[in-house]
Every structure is written in C-alpha cells, then in structure tokens.
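Analysis of the macromolecular model
As a plain string of letters, each chain reads:
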Amino acid sequence: MSQKTSSQIRCVTCTAPVNIAVIKYWGKTDEKRILPTNPSLSVTLGQDELRAKTSVAVSSRFTEDRMWLNGIEQSVNSPRVQNVLKEIRRRAHKRKSGENKDDLGLAHHVHIVSENNFPTAAGLASSAAGYACLVYALSKLFEVNGEISDIARQGSGSACRSLYGGYVLWKMASKDDGSDSHAVQVQPESHWPQMRALILVVSDQKKHVGSTEGMQTTVQTSELMETRFKLVERRTEDIIKAINDRDFPTFAKITMQESNQLHAVCLDTYPPIFYMTDTSRLIVRLVHAINDILGKVKVAYTFDAGPNACLYLLEEDVPRVLSLVRHFFPASKDAGNSSFVTGLKFDEIEPST
Ligand code: DP6
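So, here's what we can say about the structure. This one's a predicted model, so the numbers in the text were calculated from it and none came from an experiment.

By nearness alone, 16 residues border the ligand, and Ala21, Ser156, Gly157, Ser158 and Thr212 come closest of all. Only α2 (126-141) and α4 (211-221) provide two or more residues apiece to the shell around the ligand.

It is worth spelling out the packing of helix α5 (residues 224-244) against helix α6 (residues 248-267) at this point. The interhelical angle for the contact between α5 and α6, taken along N-to-C directions, is 160°, at an axis separation of 10 Å. Accordingly, the angle class assigned to the pair α5 and α6 is roughly antiparallel. Once α5 is placed against α6, the crossing between them reads as left-handed. Contact with α5, carried on its side by Leu224, Met225, Arg228, Arg235, Asp238, Ile239, Ala242 and Ile243, involves Thr250, Phe251, Ile254, Glu258, Gln261, Ala264 and Val265 of α6 and no other residues of that element. A breakdown of the residues in the contact of α5 with α6 according to their chemical character gives nine nonpolar, two polar and four charged.

Moving on, we come to the sheet that holds strand β11 (residues 167-170). Across the sheet, which stays open at both edges, the four strands sit in the order β3-β6-β11-β12 with antiparallel pairing between neighbours. The outermost strands of the open sheet, each flanked by one partner alone, are β3 (19-23) and β12 (183-187). Ignoring which end each strand starts from, the neighbouring axes of this sheet average 35° apart. Where strand β6 (residues 40-44) and β11 come together, four bridges link them in antiparallel fashion. Paired with Ser40 across the bridge in β11 is Trp170. Running over the sheet, α5 touches β3, β6, β11 and β12 and is turned about 115° from β3.

On to the nonpolar core. Ranked by internal contacts, the top residues of the largest apolar core, which has 92 residues, are Ala132, Val135, Leu200 and Leu311. Ranked by residue count, the leading element in this core is α2, at 11 residues. If we ignore the near neighbours within four places in the chain, the residues touching Val135 are Val84, Ile148, Ile151, Ala152 and Gly155.

As for its placement among the helices and strands, Asp177 is situated in the loop between β11 and β12. Residues Asp177 and Leu35, spaced 142 residues apart in sequence, show a C-alpha to C-alpha distance of 9.9 Å.

Parameters at a glance
Residues numbered from 1 in each chain as written. Predicted model: local features only at pLDDT ≥ 70, side-chain atom pairs only at ≥ 80, totals over all residues. Near = placed C-beta within 6 Å. Helix = DSSP H or I, 4+ residues; strand = E, 2+ residues; numbered from the N terminus. Axes fitted to C-alpha atoms, helices over the stretch in contact; angles between N-to-C directions. Parallel < 35°, antiparallel > 145°, perpendicular 65-115°, else oblique. Left-handed = near helix turned anticlockwise from the far one by under 90°. Contact = placed C-beta atoms within 7 Å. Nonpolar A, V, L, I, M, F, W, Y, C, P; charged D, E, K, R; others polar. Pairing = 2+ DSSP bridges. Core = buried A, V, L, I, M, F, W, Y, C linked by C-beta atoms within 7 Å. Buried ≥ 20, exposed ≤ 12 C-beta atoms within 10 Å, placed from the backbone.

Structure representation (structure tokens):
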C-alpha cells in the first residue's frame, strides 16, 4: 500500500489477490446485506499473480464520486458500490466524532481507479479481489480500523475472504442483523508452505450468467440444494481438519466433491446453468487419471462460475502434473509464467480447445 498527500488531494493505492473457494458460497439468505446460505472456505492466491490494484483519492476539487475499471468509466451508482462507500464513511464519521473530520475529507467526493491483471468476470474471482481492494484502500484513506471484511462482503460476498491470506473461512451470520458474518483466517499460508495452485485458463470470455443472478435462480429452483445444505457444514469442518493436519488427499477429495456439487446444483437450476465446458470436463478427467496413475490423490480441481480450472497440488508434484497438463493442453501463451509469492506458486496456462 502507498499513500500520497498534498494540501488538495489524498490518495491511497493497494493490491488485493484473488481467492479460490474449496467450500463454495452459492446462495444468499439476504440479498441486500449479502448473507450466505452456508459457510465457505477459500485459499487466497499470491499477491503478484492474479490481483486487483486500486487507487482511491479524495479531494475538495472533485465535484462528484467517479470510478474507472480497467480504464473504462463505470457508474458509481450501483447499490453495492454505494453500500460500501456509505458504510466506510459512516464508520469513519463515528470514529472521528469529536475530532476534526475535515482532516480526512469525509465531506468530499472520491475517485476510484481499479485494474485487474487477469480477465474480468470470467469466473476468476475478479469481483472478490476488486471489492476487497476497494474496501481496504478506502479504509486506509479514511482511517477506518478493525474488522472490514463485513464491508467487503456487501460489495461481493466472496470479497470478504480476499482480505486475509492463507486459508480463510467466511462465517454465516448468527446474529439477527447479520453483522457477524465476516471472514476469519483458519491458517496462514506459512502453515502449509508446499501448497501450490495452478490456474488453467480455458476461456477469458465473460461468463454467460453472473454469480449473483445464477445463485439466486439456484436457490429458487434447485431441489438438490436441500441436500447440499445438509452436507456443507460437515464438509467445512472436515476440510478445516484436513488443512490443520496438512492432509492433502482429504483436502483434495473434498475440494473436488465441492466443485462437482456446485456444478450439479447449477445443472439442477431451472433453466440450467452451464459454467463448465468440454475442455473443463477434460481437465476433470485428466486430474482423476493422474491420481489413478500415481496411486494416490495428488492433485485437485475446482471450478467457479466459469470454465477455468484451479488445480491445487503440492510443490513436489508440480513438475509431473505440469508436464502431463502441458502434454494434453499445449500452452498457447503465458506458459511457464510462475513465481513464489506469499508461499503459493502459480502457473497460468491456456489449454488449446
Ligand atoms: C462460484 O461473490 O461473485 O465463486 O456475492 O453475488 O457478488 P456475489 O457473488 P460472488 O460469488 C462467488 C461464487 C463462487 C464461489 C465462491 O467463491 O465461494
């Protein structure tokens, strides 16, 4: 994070990484406050790989709130952006009561400039990184301390998990007002330094049904969701135990079963929602074939609201798995792009379809 100040403008810039869920969030009990139907758990990826970068500035010279995403101006009037701005300003006001609020420029307008270094809305958790970054930057600009993941949640549910590194749980609300539905770190990334994620970019096209609308229709129409609600809390406990014990085969099996169940309830939605493509399904078959050949569960896939795969595996298995993936899905660009960041290593590959 960096902060610049002059007499007329104050600006904060920060970055936030993507998180990829292993226990999926898919459904809300409250659309407005964004409260989930079940707990979810994710792994936050490395800072310098898939990330959002956001600058927020406040100045008496600005005549209105404005926002640019990847260079294109967007309306700030979406209810979610408004909720976030309102809540940050409310907390900043509360904190500064009795002090000189003009110091922070709370009465002035803000400008927001954000960019992703990966495809937006292609099922690669762009809104998660984007809202986490926006809320964090605004909290620094207006000196809002304490828990802020509940504010990020109101931008996009999964965003609350990107405010922490490592293995992150988004808890369901237990209070009536939903205020305790926020993210907590289950383990830092240093707990399991061998863990790696491999992102296979099948398509960078925008998804045909957005997550918000998709999960709404699923909750309204899928009868399979009843079964899911019964299972998912136990699965969450089991995967937390697997993470605590660094038990990769159990972690991997639950991750794959969760992904399969998400896409099963999507298929059970009326009209059905298809996020995975033939290429996605080939990746699933390849992962199971690799695990069969190696005689142990060594790699797991997971798919969100799009065709792109995230594979979780341990460092020692990266060369073998990567060479098999590259053999079956020759990379067209960006192959081999990798780095170690916050304990996780990522490779981006584009399989040919
Ligand atoms: C499939 O967080 O994008 O990635 O709260 O409506 O903005 P809204 O939905 P969003 O949904 C993410 C769904 C998911 C699963 C997950 O990340 O847990």
